[in-house]
Amino acid sequence: MRIGITFDLKNTTPLPDHAPDDYQEEFDSPATVEAIAAVLRGMGHDVVELGDGRDMLQHVLAAPPDFVFNIAEGQGVGRSREARVPAVLEMLGIPYTGSDPLTLAVTLDKDCAKRLVNSAGVTVARGLVVQPDDDLRTLPMELPYTAIVKPAWEGSSKGIRGKCVVETALELVAAVQEQRQGYRQPILVEEYIEGDELTVGVLGNDPPRVLGVMRVLPTVPEERFIYSLEVKRDWRRRVRYECPAKLPSAAYKAVEDAALTAYRALGCRDVSRVDFRLRDGVPYFLEVNPLPGLNPDTGDIVILAGLIGMSHGQLVSGILHAATRRHGMKPIAGA
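Residues numbered from 1 in each chain as written. Predicted model: local features only at pLDDT ≥ 70, side-chain atom pairs only at ≥ 80, totals over all residues. Heavy atoms only, no water.

1. Things to note about the overall build of the chain
Check the secondary structure of the chain and you find 11 helices and 12 strands. Its C-alpha radius of gyration of 20 Å places the chain within 12% of the 20 Å reference for a compact globule of 335 residues. Here the C-alpha coordinates of the chain stretch approximately 60 × 50 × 40 Å along the principal axes. Relative to its full complement of 335 residues, the chain shows a buried share of 56%. The long-range fraction of contacts in the chain, counting pairs at least 24 apart against all pairs at least 6 apart in sequence, stands at 71%. As presented, the chain carries roughly 14,600 Å² of accessible surface, and 52% of it is formed by carbon and sulfur atoms. The averaged location of the 46 negative side-chain charges in the chain is 2 Å from the averaged location of its 37 positive side-chain charges. (Helix = DSSP H or I, 4+ residues; strand = E, 2+ residues; numbered from the N terminus. Rg over C-alpha atoms; globule rule 2.2 N^0.38 Å. Buried < 20%, exposed > 50% of the residue type's maximum accessible area, 1.4 Å probe, protein only. Contact = heavy atoms within 4.5 Å. Areas by Shrake-Rupley, 256 points an atom, 1.4 Å probe, with all protein chains shown as cover. Lys, Arg positive; Asp, Glu negative; His and termini not counted. Charge placed at Lys NZ, Arg CZ, Asp CG, Glu CD.)

2. Focus: the sheet that holds strand β6 (residues 165-166)
Spatial strand order, β4-β7-β5-β6: 4 strands in an open sheet with antiparallel pairing. For this open sheet the edge positions go to β4 (127-130) and β6, each flanked by a neighbour on one side alone. Two elements, strand β5 (residues 147-151) and β6, share 2 bridges in a ladder whose sense is antiparallel. Residue pairing across strands places Ile148 opposite Val165, the latter belonging to β6. Most of the contacts of helix α5 (residues 110-119) go to strand β7 (residues 187-191), to which it runs at about 45 degrees, and overall it touches β4, β5 and β7. Sheet strands touched by helix α6 (residues 169-183): β4, β5, β6 and β7. Its angle to β5, the strand with the most contacts, is close to 10 degrees. (Pairing = 2+ DSSP bridges. Axes fitted to C-alpha atoms, helices over the stretch in contact; angles between N-to-C directions.)

3. Some details on the state of the cysteines
Using the criterion set out here, one finds 0 disulfides in the structure. There is no disulfide at Cys112, and the cysteine sulfur nearest it, in Cys268, is 13 Å away. (Disulfide = S-S within 2.5 Å.)

4. Focus: helix α4 (residues 101-108)
For α4, the buried fraction is high: 7 of the 8 residues fall into the buried class. By the burial criterion, the buried members of α4 are Pro101, Thr103, Leu104, Ala105, Val106, Thr107 and Leu108. Its buried side turned inward, α4 meets α3 (84-92), α5 and β12 (282-289).

5. As for the environment of Tyr227
Mapped onto the elements of the fold, Tyr227 is located in the loop between β9 (209-218) and α7 (229-233). Tyr227 sits in the buried class, given a relative accessible area of 9%. Residues Tyr227 and Leu198, spaced 29 residues apart in sequence, show a C-alpha to C-alpha distance of 9.8 Å. A polar contact is formed between the side chain of Tyr227 and the side chain of Asp300, at a distance of 2.9 Å. (Polar contact = N/O pair within 3.5 Å; in protein donor to acceptor, adjacent residues only side chain to side chain.)

6. Some remarks on the nonpolar core
If you look at the biggest cluster of nonpolar residues, it comprises 38 residues, and the most contacted ones within it are Ile5, Ile36, Leu40, Phe69, Tyr241, Leu294 and Leu315. Elements represented by at least two residues in this core include exactly β1 (2-6), α1 (30-42), β3 (67-70), β9, β10 (239-242), α10 (300-307) and α11 (312-326). Those residues in contact with Leu294 that sit more than four places away from it in its chain are Thr32, Ile36, Phe69, Ile71, Ile301, Val302, His312, Leu315 and Ile319. Ranked by size, the runner-up nonpolar core spans 27 residues in total, among them Ala113, Val122, Val210 and Ala251. (Core = buried A, V, L, I, M, F, W, Y, C linked by side-chain atoms within 4.5 Å.)

7. Here's the deal with the packing of α1 against α11
Between α1 and α11, the shortest axis-to-axis distance is 10 Å and the interhelical angle comes to 70 degrees. The angle between α1 and α11 falls in the class roughly perpendicular. Of the residues in α11, those touching α1 at Ala35, Ile36, Val39 and Leu40 are His312, Gly313, Val316, Ser317 and Leu320. Residue composition of the contact of α1 with α11, by class: 6 nonpolar, 3 polar and no charged. (Parallel < 35°, antiparallel > 145°, perpendicular 65-115°, else oblique. Nonpolar A, V, L, I, M, F, W, Y, C, P; charged D, E, K, R; others polar.)

8. A closer look at the side chain of Asp52
By the element assignment, Asp52 lies in the loop between β2 (46-51) and α2 (53-62). Here Asp52 occupies a buried position and makes no salt bridge, while the nearest side chain of opposite charge, Arg84, is found at 6.6 Å. Beyond its immediate sequence surroundings of up to four residues, Asp52 is in contact with Phe7, Asp8, Ala72, Gly74 and Val85. (Salt bridge = Lys/Arg side-chain N within 4 Å of Asp/Glu carboxyl O.)

9. Describing the packing of aromatic side chains
Evaluated as defined, the whole model comprises 3 aromatic pairs. Judged by centre distance (6.4 Å) and plane angle (75 degrees), the ring pair of Tyr227 and Tyr241 falls under edge-to-face. Residue Tyr227 is located in the loop between β9 and α7, and its partner Tyr241 is located in strand β10; the two are separated by 14 residues in the primary sequence. Both residues of the pair, Tyr227 and Tyr241, count as buried. Seen from their ring centres, Phe276 and Phe285 are 6.2 Å apart, and the 75 degrees between their planes marks the pair as edge-to-face. There is no split in this pair, since Phe276 and Phe285 are both buried. Members of the aromatic cluster, each reached through a chain of ring pairs, are Tyr227, Trp235 and Tyr241. (Phe/Tyr/Trp six-rings, centres within 6.5 Å; stacked < 30°, edge-to-face > 60°.)

Functional significance is not addressed by these values, which are geometric in nature.
The structure is reproduced here in structure tokens:
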């Protein structure tokens, strides 16, 4: 089978003026693309690198692949940017891995995803959305809770730094102003949940299954630990990963159930990573990443898989197998 890989690479497009230093944080490295391609070739497939944007369009129009392995995050700041590649592939009748355009748009909008997941019975943190034209003088002068401030339409911890946790109105206004300037989108202000930082890997369809629940622990105790961009960029020194997470059995099951509920409520397919904070045995939904990073060394879901004995190659082939089965295709070599 001829399989194309869609992706966005770091440092290959000009940055907008005044772009923050994490503008391309979601994008992949050539090493990630090659690692996925090597797995697919090892399964006996021909692989073509399609990229994204105009290059991808020209490739698929000139020589449509049989199937696409999609990890493209999309360019710009629009909340539908991750949905563009799947939308094009559906229009052209090309099957692909992962979630459909609606799910990719909904999950990138953190507030929209929270509302849908909460309607399915999963607990979420209290919060509000500050629109780009909102007058900051109308923000609450006394926060009813410690809050965390983050861009509403980003992934890969973009915009989430240690200083995003705020205690006062002055800190809140300063954090919102800074993120407005850098990210040009609504800003989400939500309750900071004191508790365990957890991520859950989910694989497959009908039914999907939990790969594992992983706890992210700071190597040095912190009063307000968040899995921030600074931490992720220095993860080998600043955190340790525990999978399966050492939690009480009731709490572990609650997290698994909440992850599967969120996965289904948002229409996720084939694979996703679901993030929570656990407080007093209650999992608080943070977000779903339906395009989880597959870097063989640093991707959270890859680290999680490794801790349960699943190799990077097994994870990639498992995603492809789930997608081809969903499309009604015959089992493929190596899957």
